Each structure stands twice: as structure tokens, then as C-alpha cells.
There are 2 protein chains.
Amino acid sequence: MATGRTHRPATRSRGIPEATVARLPLYLRALTALSERSVPTVSSEELAAAAGVNSAKLRKDFSYLGSYGTRGVGYDVEYLVYQISRELGLTQDWPVVIVGIGNLGAALANYGGFASRGFRVAALIDADPGMAGKPVAGIPVQHTDELEKIIQDDGVSIGVIATPAGAAQQVCDRLVAAGVTSILNFAPTVLNVPEGVDVRKVDLSIELQILAFHEQRKAGEEAAGDAGVAPPVAARKQQHATGSAEQGPDGDVPAVMPA
Amino acid sequence: MATGRTHRPATRSRGIPEATVARLPLYLRALTALSERSVPTVSSEELAAAAGVNSAKLRKDFSYLGSYGTRGVGYDVEYLVYQISRELGLTQDWPVVIVGIGNLGAALANYGGFASRGFRVAALIDADPGMAGKPVAGIPVQHTDELEKIIQDDGVSIGVIATPAGAAQQVCDRLVAAGVTSILNFAPTVLNVPEGVDVRKVDLSIELQILAFHEQRKAGEEAAGDAGVAPPVAARKQQHATGSAEQGPDGDVPAVMPA
DNA sequence: AACTGTGAAGTGTTTCACAGCG
DNA sequence: CGCTGTGAAACACTTCACAGTT
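Scoring rules and cut-offs
Residues numbered from 1 in each chain as written. Chains lettered and ligands numbered in written order. Predicted model: local features only at pLDDT ≥ 70, side-chain atom pairs only at ≥ 80, totals over all residues. Heavy atoms only, no water. UniProt positions renumbered as here; feature names shortened; annotations may be inferred. Pairing = 2+ DSSP bridges. Helix = DSSP H or I, 4+ residues; strand = E, 2+ residues; numbered from the N terminus.

- Under an unreviewed UniProt entry, chain A has the name Redox-sensing transcriptional repressor Rex and belongs to Streptomyces salinarius.
- If you open the UniProt record of chain A and go to Subcellular location (unreviewed entry), you find "Cytoplasm".
- Its UniProt record, at the heading Function (unreviewed entry), says of chain A: "Modulates transcription in response to changes in cellular NADH/NAD(+) redox state."

Structural data, given as C-alpha cells:
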């Protein structure tokens, strides 16, 4: 979705897998903790444990960055912190605007981990004129009217949307028009953005629903009899291939989830 | 990747892929919106657009649930809402506790999408005695001492951790000991949980770092010359250089990690 | 001896493309 | 004809297992 293809001309294409990129911050956090304890080196096994992954995956991930370890020894903590930071672009300053200073926006503004990496809250923006000027986390809230000006003046390229769902797309459009090219969306809506703009979303309700799915599986083993309400409309259709062939061609090995 | 093999006797093995499960809430939201507009049926193409995925993926996803569409026509909205809700376990009531009622916890307690699905905030818990009794989102905050009692009395199986990082593991241990088997973690820490307990994490700082990575790519195409500080220690090593496919569409990386 | 780096195999996910049904 | 449902191909990611290095 969002990102669309980026048909890069393959400038020597480093090509770090997306899954690896998503784990780099995890490694970085673990490494930072080690660094604070002045641990000089760490093995893939130890670091993997601290980051909650397995060591093969970690080594594979690092192999995309380069050969930064020493066989028989492990990885130099400081050096790796630097390399990962650089890879993630955290050696530079990223001004960020947060739009929508309700409960959540305020929480985000106060969030420490925010500033701790290269991120700097450049501005807090809210549509409520009554909020204008009020300081949140030490930063005065500004009115939406200022949005374009702020973004241009500060060279903001990352925006955080913490507005109600109804306002999100509109805010998004304005952010993008003003030059923002990466958006972190907390509103429960699918955002439409032009090619070249990245959107990541964080959705509490979705996370809970996924947990509920697994939770349900744990509880009800056999009893398929569901206690909920009855299907609303339409005739009930049969439930997919009942006992028959269907999936596992050869060695069964049923998928992740059992039933 | 959930719980590796789950031994289970393969009761007709439904086996819905994790990636599909993660998208069901998205479909459900889009369908709910259609339902509110009294749209009777929808094609895979339309629904996919509303959910921000492509139609082939959507059809494949639905095929894991069963044959719920009508060829030449599309899907019955109400019927599909029900089927997905049931699959996700939302036709039942899920009491949830939120631990850590700071800025973020309060935001979560107030979050509407919470209650809108089967989730019910059974209790708000905080370690600060000064907060005890204070109502947040209409619910009085209770002290951590009550944690075990609340969970057992209300049969809570899902816990949300919104405490500072330092307290998270301890809270997690208590939640698990009291009977919680699914945890949504907002604290920037890796939680250790016993086998059978699901943890999903939401980490603002990680999301931003991933955006920064892509942002950096957009900006500096060729100029590998980084303006940041110089590497701290150790000799620089060469850069690997895999030549190959690069980046693809955004794909969300699921994060269930059992243990 | 200890540990990294990585091909190769295994597993999961997406996309294609079209048969099949209403 | 239109649209779903799905094998098969393509792609992505993870894990294995061991060669290679210090």
C-alpha cells in the first residue's frame, strides 16, 4: 500500500529487506542499553536475546549492513550503535510535527523516546483555537492555520497525525501539500497519499482485535458452537472444504495456526 | 510466526495465515462504514480500495474464511461483517485492563475505538496511590495492589501495559501470574513471557525510526557522504553491496511473539 | 575454540491469471 | 458478462548448518 513501488534505478542497490529495517531500532535500543553499561562487545547470541529475536536472524540482518563483527569475538557495541544509527538516518536531525493535541497527541508530545533519538518535536498543531498558545510538554500549541508555514520554515518532512478519524485525511492532504513525505498515522483511517509518500499506521483497536483472535483460539478448542448472536442476513453457506483434501498437498504440516 | 508448532490434533485445520488475521480488522472497519451507509453488497475491488489493499489479496484472505461471496455480484456487507467479527472473536465480550494511567494510559482509556468493538475497559490501574479513585474516562483508577483481584474477578485475559519501561516487565509478570494471556505492550521494552502468552507491541519510536530510514533514502540518492559525526571506534569495514531487488510496497510486519 | 557471515533449504506471503459460477 | 475463488508462480523472510576467520 502506501509506499508503492519505488522503482529505484538501483544505485548499487543496498536493498536492506523491510523486515530487517523494522528490527534495526530494536537492536539499536538493546545496544544503547549495553553501551550505557559500558559493555564493550557483545555476541550475536547475547544481543539477540536482549532484542527478543534469534541469533541467526540477527546475524543475517547485520550481514545486510556489512561485516561489522569479529569472528570469535562478537560485535563492538559502540561501533554498531553508530552504524545502525547511521543506517536509520538517526545521525541527522528530524523535525517532526504532531497534529491533533488531544489525549493522544499530548501523550506523544511527552513521550521521551521521541526526542532521545534524532527526533525533535518542531511543533504541536491543533484545530481548536482555544488550545493555541497553551503549552504541552513545554511546547506551545499552534493553530492549524500555521501548518503550512511551520512545515516550510522548519523543513519538516515527518508528520504525526493524532486527530480524530474524520479529520485525518484532510490533515494528511495539507501535510503532503506542504512538503511532508512521511506520515505516522494514529487515526483509524486509511490515508490516501500520492506516490512517494510513506505512511505507517498505529492502530490500537487493530492490535487488540488480533490479540482477541488468538485469545479466542486458546480458549475454544473444540466447541465450534458459538454463543454469539446468529448470522444476520443471507443464507448460511458451508464452511469451506469440510474434511476434504484442500490444503496440505504432501507432508501436511498445517499452517501456523491450528484449529 | 506465532507459537511455532502448536502440536494441536488438527481439528480440520482452519489455519488462517497470520498476515491475513492482521488484515481482518481493516476489512471489518471498511465494512462497518459501508454498513452504516446501508450499502448492501460490495465487490472485492471496492472493498479492497476502502481497506487500502489490492483485490487479489483481499479475495485470497477471504478464501481462508470460507466462500462468503457471490460470483458476479460481490459480498453481502452485513453477512461479511458478522463472519469476520466472529472469526476475530468480537462477538464476545473482552474485558481489558490498562496498567499505567499516565498520559498514554489516559489516552487509551478515552480511545473510542476501544469500546466500539467487543472490548470493555474493566479497570484502570496505576502504581501512584495519589491517582487511586480519580476517574479517567469515567472509570476510577485503582491501585496496583488490586491488580490480581481485578483480573481474577473479572476474568480478564487481555492486559494493556502503558507504564514506563522500567516497570513493564514487573507488571507483565504480575498480569501473567494472575491469568492474563494476551498483552499489548506500549512500553519500549522486550517483555519476557512464558509459552502460551501472546505479546504485541506498539512502539512509537520504532515507527518513527523506520520512517526516518525511508526518508533518508528519498533525500540522499547518491551522496553517501554522511554529514554526521565520524565512526567512533574500530576501522571502517567495507559495505557488503548486495546487488538486487530493493524495497517493495510497504507491508506491515506483524509482531506476535509468543515464548 | 568461539563466533561471525552466508549459501541453501524451508516456510510464509503476495501476485498472477484464469477456471468456474451466478 | 462480471466477479469470486484458487492453483501455481513469484517473491520475501526465516532458519539451518557449516565454512571461514580471528
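Examining the pairing of strand β7 (residues 139-143) of chain A
Residue and element names in this part refer to chain A.
And then number 1: Sheet topology places strand β5 (residues 119-126) next to β7; three bridges connect them, and they run parallel. Looking at β7, one finds that leucine 124 is bridged to valine 141.
And then number 2: Relative to β7, strand β6 (residues 135-136) runs antiparallel, the two sharing two bridges. Among the inter-strand pairings, valine 136 is bridged to a residue of β7, identified as isoleucine 139.
And then number 3: What sits between the antiparallel neighbours β6 and β7 is a turn of two residues, in which alanine 137 has the positive phi angle 55 degrees.

Focus: the sheet that holds strand β1 (residues 41-42) of chain A
All names here are of chain A.
And then number 1: In space, the three strands of this open sheet follow the order β1-β3-β2, with antiparallel pairing throughout. Edge positions in the sheet fall to β1 and β2 (69-70), since each of these pairs with one other strand and no more.
And then number 2: The sheet contact formed by β2 and strand β3 (residues 74-76) spans two bridges and is antiparallel. What sits directly across from threonine 70, in β3, is glycine 74.

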